Amino acid sequence: MRIQPVVVDSKEGLGILRHSTAHVLAQAVKSLFSNVKLAIGPATEEGFYYDFDTEKPFTPEDLEKIEARMGEIIKGDFPFTQERLPRKDALAVFSGMGENYKEEIIDGLQDDIVSLYRQSDFVDLCRGPHIPSTGYIKAFKLTGTAGAYWRGSEKNKMLQRIYGTAFPSKSALAEYLQKIEEAKRRDHRKLGRELDLFTTSEDIGAGLVLWHPNGATVRRIIEDFWKSEHVRNDYKIIYSPHIAMLDLWKRSGHWDFYRENLFSPMDVEGHDYIVKPMNCPFHIEIYKSHLRSYRDLPIRYAELGTVYRYERSGVLHGLLRVRGFTQDDAHIFTTPEKLESEITGVLDFTLYILKSFGFNEFDVYLSTRPEKYVGTLENWERAEAALKGSIESQGLKYSIDPGEGVFYGPKIDIKIKDALGRAWQCSTIQVDFNLPERFDVTYRDESGRESRPIMVHRALMGSLERFFGCLIEHYVGAFPVWLAPVQVTVLTVTDRNNIYAESVYKMLREEGLRAELDVRNEKLGFKIREAQLKKIPYQLVIGDNEEKERLVAPRARGGETLTPMALTEFIRLIQSQNRPKGR
RNA sequence: GCCCAUGUAGCUCAGUUGGCAGAGCACUUCCUUGGUAAGGAAGAGGUCAGCGGUUCAAUCCCGCUCAUGGGCUCCA
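I will try to describe carefully the structure that is included in this document. As the structure is a prediction and not an experimental result, all values here were calculated from the model. (Residues numbered from 1 in each chain as written. Chains lettered and ligands numbered in written order. Predicted model: local features only at pLDDT ≥ 70, side-chain atom pairs only at ≥ 80, totals over all residues. Heavy atoms only, no water.)

**With respect to the sheet that holds strand 4 (residues 113-119)**
The strand order across the open sheet formed by three strands is 3-4-5, and the pairing between neighbours is antiparallel. Looking at strand neighbours, the two that pair on one side only are strand 3 (81-86) and strand 5 (122-125), the edges of this open sheet. Across the sheet, the axes of successive neighbouring strands diverge by a mean angle of 30°, strand direction being ignored. Each of strand 4 and strand 5 touches helix 1 (residues 11-32); the most contacted strand, strand 5, lies at about 125° to it. (Pairing = 2+ DSSP bridges. Helix = DSSP H or I, 4+ residues; strand = E, 2+ residues; numbered from the N terminus. Axes fitted to C-alpha atoms, helices over the stretch in contact; angles between N-to-C directions. Contact = heavy atoms within 4.5 Å.)

**As for the sheet that holds strand 1 (residues 37-38)**
Within the open sheet, the four strands sit side by side as 1-2-7-6. Their pairing is antiparallel. The sheet is open, and its two borders are formed by strand 1 and strand 6 (139-149), each paired with just one other strand. Sitting on the sheet, helix 1 is in contact with strand 1, strand 2 (48-53), strand 6 and strand 7 (158-167), with an inclination near 30° to strand 2.

**Side note on the packing of aromatic side chains**
In total, this model carries 24 aromatic pairs according to the counting rule given. Here F225 and Y352 contribute two aromatic rings whose centre-to-centre distance is 6.5 Å and whose plane-to-plane angle is 35°, an arrangement assigned as tilted. You can see F225 sitting in helix 7 (residues 213-232) and its partner Y352 sitting in helix 11 (residues 339-356), a full 127 residues away along the chain. In this structure Y352 comes out as partly exposed when scored by relative accessible area, which is 25%. Pairing W380 with F433 gives two aromatic rings, centres 5.6 Å apart and planes at 55°, and the pair type is tilted. Residue W380 is located in helix 12 (residues 377-393), and its partner F433 is located in the loop between strand 19 (423-432) and helix 13 (435-438); the two are separated by 53 residues in the primary sequence. As far as burial versus exposure is concerned, W380 and F433 are alike and both buried. (Phe/Tyr/Trp six-rings, centres within 6.5 Å; stacked < 30°, edge-to-face > 60°. Buried < 20%, exposed > 50% of the residue type's maximum accessible area, 1.4 Å probe, protein only.)

**So, the packing of helix 7 against helix 14 (residues 464-475)**
One way to put it is that helix 7 packs onto helix 14 with a least axis distance of 11 Å and a crossing angle of 110°. Here helix 7 lies roughly perpendicular to helix 14, going by the angle between them. Residues G215, V218, R219, I222 and E223 of helix 7 touch helix 14, and the partners they reach there are L464, E465, F468 and L471. Looking at the contact of helix 7 with helix 14 residue by residue, the classes come out as five nonpolar, one polar and three charged. (Parallel < 35°, antiparallel > 145°, perpendicular 65-115°, else oblique. Nonpolar A, V, L, I, M, F, W, Y, C, P; charged D, E, K, R; others polar.)

**Description of the protein's contact with RNA strand B**
Around RNA strand B, 54 residues are found, and the nearest of them are M158, R321, V493, N521 and R529. Per the 4 Å cut-off to the protein, sugar and phosphate atoms form 46% of the nearby atoms of RNA strand B. At 3.0 Å from a phosphate oxygen of RNA strand B is found a side-chain nitrogen or oxygen belonging to R189. Of all the secondary-structure elements, those providing two or more residues to the surface near RNA strand B are strand 6, strand 7, helix 6 (188-194), strand 19, strand 22 (454-463), helix 16 (524-533), helix 17 (544-549) and strand 26 (553-556). (Near = heavy atom within 4 Å. Polar contact = N/O pair within 3.5 Å; in protein donor to acceptor, adjacent residues only side chain to side chain.)

**Let's talk about the pairing of strand 14 (residues 299-308)**
In terms of residue burial, strand 14 counts as a mostly covered element, since nine of its 10 residues are buried. Relative to strand 14, strand 10 (residues 236-237) is paired through two bridges, and the arrangement is parallel. Bridge pairing in strand 14 links K236 to Y301. As paired strands, strand 14 and strand 15 (residues 324-334) are joined by 10 bridges and run antiparallel to one another. Considered in strand 15, the bridge of Y301 is made with H331.

**What to know about helix 11**
Residues that lie three or four places apart on an α-helix share one face, since the helix turns once every 3.6 residues. Taking 1.5 Å of rise per residue, the 18 residues of helix 11 would be expected to cover 26 Å, and the 26 Å separating its terminal C-alpha atoms lies within 8% of that figure. For helix 11, the set of buried residues is L339, E342, I343, V346, L347, F349, T350, L351, I353, L354 and S356. Of the residues one or two after helix 11, G358 is the one with positive phi, at around 90°. (Expected span 1.5 Å × (residues − 1).)

**Some words on helix 18 (residues 567-577)**
Where helix 18 is concerned, the buried positions are L567, F570, I571 and I574. Angularly, the buried residues of helix 18 cover 100° about the axis, an arc narrow enough to put them on a single face. Among the structural elements, strand 23 (488-492), helix 15 (498-510), strand 25 (538-542) and strand 26 are those in contact with the buried residues of helix 18. (Arc of directions from axis to C-beta.)

**A look at the environment of I131**
Relative to the helices and strands, I131 is located in the loop between strand 5 and strand 6. I131 gets classed as buried once you look at its relative accessible area, which sits at 9%. Linking I131 and D495, residues 364 residues apart in sequence, is a C-alpha distance of 70 Å. Discounting chain neighbours no more than four positions away, the residues touching I131 are I16, L17, S20, F80, Y136 and I137.

**Observations concerning the packing of helix 11 against helix 12**
Two elements in contact, helix 11 and helix 12, have axes whose closest approach is 9 Å; the angle formed by their N-to-C orientations is 35°. Where helix 11 crosses over helix 12, the handedness of that crossing is right-handed. Contacts between helix 11 and helix 12 involve L339, E340, I343, T344 and L347 from the former and A383, A386, L387, S390 and I391 from the latter. Looking at the contact of helix 11 with helix 12, its residues break down into seven nonpolar, two polar and one charged. (Left-handed = near helix turned anticlockwise from the far one by under 90°.)

Listed below in structure tokens is the structure:
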């Protein structure tokens, strides 16, 4: 057998450390609780977990006890030893202990020889490798419990999962816990309440967002920017209704393939209607309201379309996963010949928009043809090549999900990473060979024959709700000047300065700036503190000195006080920042 | 939907082994005219998420419902 050293700080080494800690967890649980059966215990991105089949779920007090026992096991410095048995013998080992999940796993293995690992009196089915002994675990922590289905399927029994993490040193663990705290600080749900951006209400329903004036202002800025950029890029902006007859969704296929996400139909004068889960059929109807020539294509319809999808209650999460949301949707109808240039254009446009908001880190995924598909092989190949070509021409790193495309066409997904390191899908560019077929969408080609256009669905921000959530976390609520709900607040030192301050405030408003005036009977320090907590980019201090000299004394959100300047100069300064990133 | 936890004033949270509900901040009023992250005083504010049950008595115990959080699973 060849021995390969693995550095514990490497990704691989960390995985081995954590996986070994999972074994220690399992040993501790087995020694503390009877009638517990082992399922699986792998390492994850952030740590590890182990799934147990047990009568009663683990309580926080249980976790403390388990942690303490794990500490003893680590102190015992038991070596991890591997044992290789014929599968028959291995089966006997586990069936003798009543470990039926382990038996099930062995049943699924191809190999004749099965590997077991032991430490102290504990044995587990495991391919390894492991650290030499339990004493190598220098820092670990159990982080939580959760229900989890055996093999991830709802049809199976729910097991009790214990999550934990381990690091090569105490300081690395502390750093990790610090990162978690930082993530909590950035949490858009917390900031949403503190900055009065949005709420949800028990009386309105789960997953339905109320945009408060501050949040609505940010949204309005986003929408205005989005609209003008779309017009500039030759999209036609449209509007469509929120409900439509059920037959439309039967024809589109949503009723058959997407029903678990649809809200129930409502009866209107004997016809069933549903609230829309998508905008595409409406855009298709607009396309079909005329005969279209190849000369008209590509046609690009864009809409900030509000859709409703039924999501199971357990998956709702702040603004990132909701039941009613507005997509920044568009559908492009193109000839097959122009598909590639269209996709290149869409990808350029997507990156331009995302970068305007200050996002520069993306995970890009290309999903290709699955086994079951509609459309011609030629078109699929053409579309995949187009998607791939445009990603590469942008010089983007990407990964291919082979066979993961939707049955109707290949797609590009772009994910933005949030503060917790979770990647949230925002942008998506999907080629669709199916809907044009289902709705018999056509155009007259150069030889005068009816041809089928290809459709491209795309959303750049995905949904305004989710995108807003990402923005909040990205900026920790301190929006850049062009997005800030309030851009500048005018603060008086004493009420002698009220009249002058008001004139400053009015000038700012006339410049189109989102300004506020604070003439309350409070000390300057109090007003500054409040403006800081609201994360307003600029505070203009107005006292006797400023009034006498006809100046304003700006203080930036970062804490730096600028030398007093004429109001016109300040307006020049803030206006220079009052635009999207890189513009 | 499923497992676990949580739900007390606008916010953050105490609390009652079942016996008239508490703090800080915010809010209102008054005093204070103060120069770059909290000046002082007084006041008001709650059907203890909702519905039902047990009890002389329920915010507390039990059941159901709703919502929120951590997961499973899925997606914009």
